[in-house]
Amino acid sequence: MSTETSAQTLTFLRRGQPVTLNNVAPDRTLLEVLREDLHCTGTKEGCGEGDCGACTVVLGEAVDGKLEYKAINSCIRLAHSVEGLAVWTVEDISADAPAGELHPAQEAMVQCHGSQCGFCTPGFVMSLFGMYQNTDGGKGIDRAQAQADLSGNLCRCTGYRPILDAAQQMVDLPLPAGCGVNEAQTVAALQVLNKKKADGAVYLRPTTLAELLQQRAAHPKAQVVAGCTDVGLWVTKMHKRFATVLDVTTARELRRVERYPNHIAIGAAVNLTEAYDALVQDRPQLKTFAQRFAGLPVRNSGTLGGNVANGSPIGDSMPLLIALGASVVLMRWDARKGQIAHRELPLEDLYTGYRTNVMKADELLCWVKVPLPQTSSEFMRVYKISKRFDDDISAVCLAIQMTLKEGVVQHISIGAGGVAATPVRARRTEAALWGQTWTTDTVKKATEALRAEFQPISDMRASAHYRHTVLGNLLQRFWLESQGLQHINLDNLNAATLEALA
């Protein structure tokens, strides 16, 4: 375990009042602090890996004078990452209500019979609370939004129908006195809290890019974190301990999505929810895929930059970004010149092997640059194959971007995940398609090339043979969709479509 000498003070807002905890080690999770130090045992520990949602809490942050709410998994979120934020647990949302009245998120679960064993219920309630706050009291929540926003919460006994009913019923329930959030007061309290910069030698939270890079140069062995959605697993599952942690998410320059004439630049501190919103804005067809990246609490914590830097061969972002022609900007502090130095390279050239990359000890991945669609004839699809539709890890991920001109493949780029030690670009398959007439014969040859290009392994998610077969099948599916066969696309899959196909 971490020693007391490697700990520092943690302060955040709870029920409108600052909570200060001393001697919090840099590798303690938020869930540990809530349950062990504050005795908030309503927040449950289930999977310990951000999969089940039993540990869900809601964070509040003052942004441009307004309060932003995000449901997150406290089991894998490092405690010091909530320094200067507001935290709500299931004990908080109706704590000040008279006569035991409940918040609409709780009352709706009662009225709709949304709980049986009750272990997952606090997590569902907190996700509902986040939805309630973000929709001005539950207004306009339809079934699709309820299902998407609750995708990070698993229920093993009640069934989802009554819980989805509860999400839609919140708007019809009164908000008892004492259950509402005084947003103006909370924003003011957060602003006061954040004027006092937290000093710490073990959990470093630089507020500017220059300071972040200087800290990286000074602490090359520090564990870099963004949303902690993977590093948190190293703590809970592998029992790793860190003497020093460097958090990139408070560097204000990296919290932006910047738009330029030909590309967008997504900062390494932009969470996955906001990053995918930016990608979907330019390519609406990516919406379903974006919602299938883990669950909402993971997307609210994790960052696109962190997902890319992590370099997992089954990370869903990288095949998509490779197909889109994305590049990454690596930065370091040049002490000799007293300024930031940077270099840019295609995303697929970042990796050298399994979870290894070309970054130097003093470099950080600071930006992901994604080209905008350059022509209306761009045809883009990304396919995720997993055992569960929601909140699951890919067995295979394939992303394809193509532009045709008079029936000829003018441009093609293909990114693949789950088939090699790193996320990869299917260069040989691209070569088989480039400049060819887009016909069944061309696709057949390209399918053979794609299957021959990779030698996937067998693991708990899929066999090598399955992955090999699926790779080619997905290219065939891309061909069918390019020919107008749209009912096989998940975006168009509904009860009416299934009935028509029966």
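Just so it is clear, the model here is predicted, and its values are computed rather than measured.

Conventions adopted
Residues numbered from 1 in each chain as written. Predicted model: local features only at pLDDT ≥ 70, side-chain atom pairs only at ≥ 80, totals over all residues. Heavy atoms only, no water. Phe/Tyr/Trp six-rings, centres within 6.5 Å; stacked < 30°, edge-to-face > 60°. Helix = DSSP H or I, 4+ residues; strand = E, 2+ residues; numbered from the N terminus. Buried < 20%, exposed > 50% of the residue type's maximum accessible area, 1.4 Å probe, protein only. Lys NZ or Arg CZ within 6 Å of the ring centre and 35° of its normal. Axes fitted to C-alpha atoms, helices over the stretch in contact; angles between N-to-C directions. Parallel < 35°, antiparallel > 145°, perpendicular 65-115°, else oblique. Left-handed = near helix turned anticlockwise from the far one by under 90°. Contact = heavy atoms within 4.5 Å. Nonpolar A, V, L, I, M, F, W, Y, C, P; charged D, E, K, R; others polar. Core = buried A, V, L, I, M, F, W, Y, C linked by side-chain atoms within 4.5 Å. Pairing = 2+ DSSP bridges. Polar contact = N/O pair within 3.5 Å; in protein donor to acceptor, adjacent residues only side chain to side chain. Arc of directions from axis to C-beta. pLDDT = per-residue confidence, 0-100.

*Asks:* Summarise the packing of aromatic side chains; cite the residues concerned and give the values.
*Replies:* For the coordinates displayed, the defined rule picks out eight aromatic pairs. Judged by centre distance (5.8 Å) and plane angle (50°), the rings of Tyr276 and Phe293 are tilted. Separated by 17 residues along the polypeptide, Tyr276 in helix H9 (residues 272-282) and Phe293 in the loop between helix H10 (287-291) and helix H11 (296-301) bring together distant segments of the chain. Here Tyr276 matches Phe293 in class, with each residue buried. It is Lys240 that lies over the ring of Trp234; its NZ or CZ is 4.7 Å from the centre. Lying across the ring of Phe389, Arg292 places its NZ or CZ 4.4 Å from the centre.

*Asks:* Account for the packing of helix H15 (residues 440-453) against helix H16 (residues 464-482), naming residues and giving values.
*Replies:* Axis separation between H15 and H16 bottoms out at 9 Å; the angle between their running directions is 155°. The orientation of H15 relative to H16 falls into the category roughly antiparallel. When the axes of H15 and H16 are compared, the crossing they make is right-handed. For the pair H15 and H16, contact is made by Thr440, Val443, Lys444, Ala446, Thr447, Leu450 and Arg451 and by His468, Thr469, Leu471, Gly472, Asn473, Leu475, Gln476 and Trp479, respectively. Residues that form the contact of H15 with H16 fall into these classes: six nonpolar, seven polar and two charged.

*Asks:* Please set out the nonpolar core residue by residue, giving values where relevant.
*Replies:* Ranked by size, the top nonpolar core spans 38 residues in total, and within it Val308, Leu320, Val328, Val368 and Val370 carry the most contacts. Per-element accounting of this core gives the leading share, six residues, to H9. Each residue touching Val328, except ones within four places of it in the same chain, is listed here: Val308, Arg343, Glu344, Leu345, Leu347, Leu350, Leu365, Trp367 and Val368. Within the second largest apolar cluster, 33 residues are counted, among which are Trp88, Ala105, Met109 and Leu150.

*Asks:* Break down the pairing of strand S10 (residues 263-267) for me, citing the residues and quoting the values.
*Replies:* Of all five residues that make up S10, five are buried, and the element is covered over most of its length. Here S10 shows two buried faces, one formed by His263, Ala265 and Gly267 and the other by Ile264 and Ile266. Where strand S9 (residues 257-259) folds back on S10, the antiparallel hairpin that results is connected by three residues. Sheet topology places S10 next to strand S15 (residues 364-371); five bridges connect them, and they run antiparallel. Residue Gly267 lies in a different strand from S15, and its bridge partner there is Trp367.

*Asks:* Provide a residue-level description of the side chain of Ser127, including the pertinent values.
*Replies:* Looking at where Ser127 falls in the secondary structure, it is placed in helix H3 (residues 121-134). In this structure the side chain of Ser127 is engaged in a polar contact, spanning 2.7 Å, whose partner is the side chain of Asn153. Apart from residues no more than four positions distant in its own chain, Ser127 is found in contact with Thr56, Ala71, Leu150 and Asn153.

*Asks:* Mind laying out the pairing of strand S17 (residues 396-405), listing which residues take part and the relevant values?
*Replies:* Within S17, eight of the ten residues are buried, which leaves the element mostly enclosed by the surrounding structure. In this structure, strand S16 (residues 378-385) lies alongside S17, joined through eight bridges in antiparallel fashion. By the bridge assignment for S17, Phe379 is matched with Met402. By the bridge criterion, nine bridges tie S17 to strand S18 (residues 408-417) in an arrangement that is antiparallel. Within the sheet, the bridge partner assigned to Leu398 lies in S18 and is Ala416. Linking S17 back to S18 in an antiparallel pair, the connection comprises two residues, with Glu406 at a positive phi of about 55°.

*Asks:* Mind laying out unusual backbone geometry, listing which residues take part and the relevant values?
*Replies:* Phi is positive for His239, close to 55°, though the residue is something other than glycine. A relative accessible area of 58% places His239 in the exposed class. At Arg355, a position not held by glycine, the phi torsion is positive, near 55°. Within the secondary structure layout, Arg355 lies in the loop between strand S13 (351-353) and strand S14 (356-357).

*Asks:* An account of helix H1 (residues 30-37) is needed here, citing residue identities and associated values.
*Replies:* Inspection of H1 places Leu30, Leu31, Val33 and Leu34 among the buried residues, and these make up the whole buried set. Burial along H1 is one-sided: seen end-on, the buried residues are contained in an arc of 165°. The first or second residue beyond H1 is His39, which carries a positive phi of 60°.

*Asks:* Pulling in residues and values, what's your account of the sheet that holds strand S19 (residues 424-425)?
*Replies:* If you walk across this open sheet you meet the four strands as S16-S17-S18-S19, and the pairing is antiparallel. Of all strands in the sheet, those with a lone pairing partner are S16 and S19, marking the two edges. Of the strands in this sheet, S16 and S17 touch H16, which is tilted by about 145° from S16.

*Asks:* An account of the confidence of the model for the protein chain is needed here, citing residue identities and associated values.
*Replies:* Here the protein chain averages 94 in pLDDT, and 95% of its residues register 70 or above. Here residues 1-5 is a poorly scored stretch, pLDDT under 50, and it has five contacts once near neighbours within four places are set aside; other chains count.

*Asks:* Any chance you could break down the environment of Ser394 for me, citing the residues and the numbers?
*Replies:* Relative to the helices and strands, Ser394 is located in the loop between S16 and S17. Each C-alpha atom of the pair Ser394 and Leu254 lies 28 Å from the other, and the pair is 140 residues apart in sequence. Within polar-contact distance, the side chain of Ser394 engages the side chain of Asp316 at 2.5 Å.

*Asks:* Could you give an account of the environment of Thr356, naming the residues involved and the relevant values?
*Replies:* Following the sequence through the fold, Thr356 ends up in strand S14. The spacing of Thr356 and Ala309 is 47 residues in sequence and 9.1 Å in space, taken between C-alpha atoms. Ignoring any residue separated from it by four or fewer positions in sequence, one finds Thr356 in contact with Leu350 and Tyr351. A distance of 2.9 Å separates a polar atom in the side chain of Thr356 from a polar atom in the side chain of Thr352.

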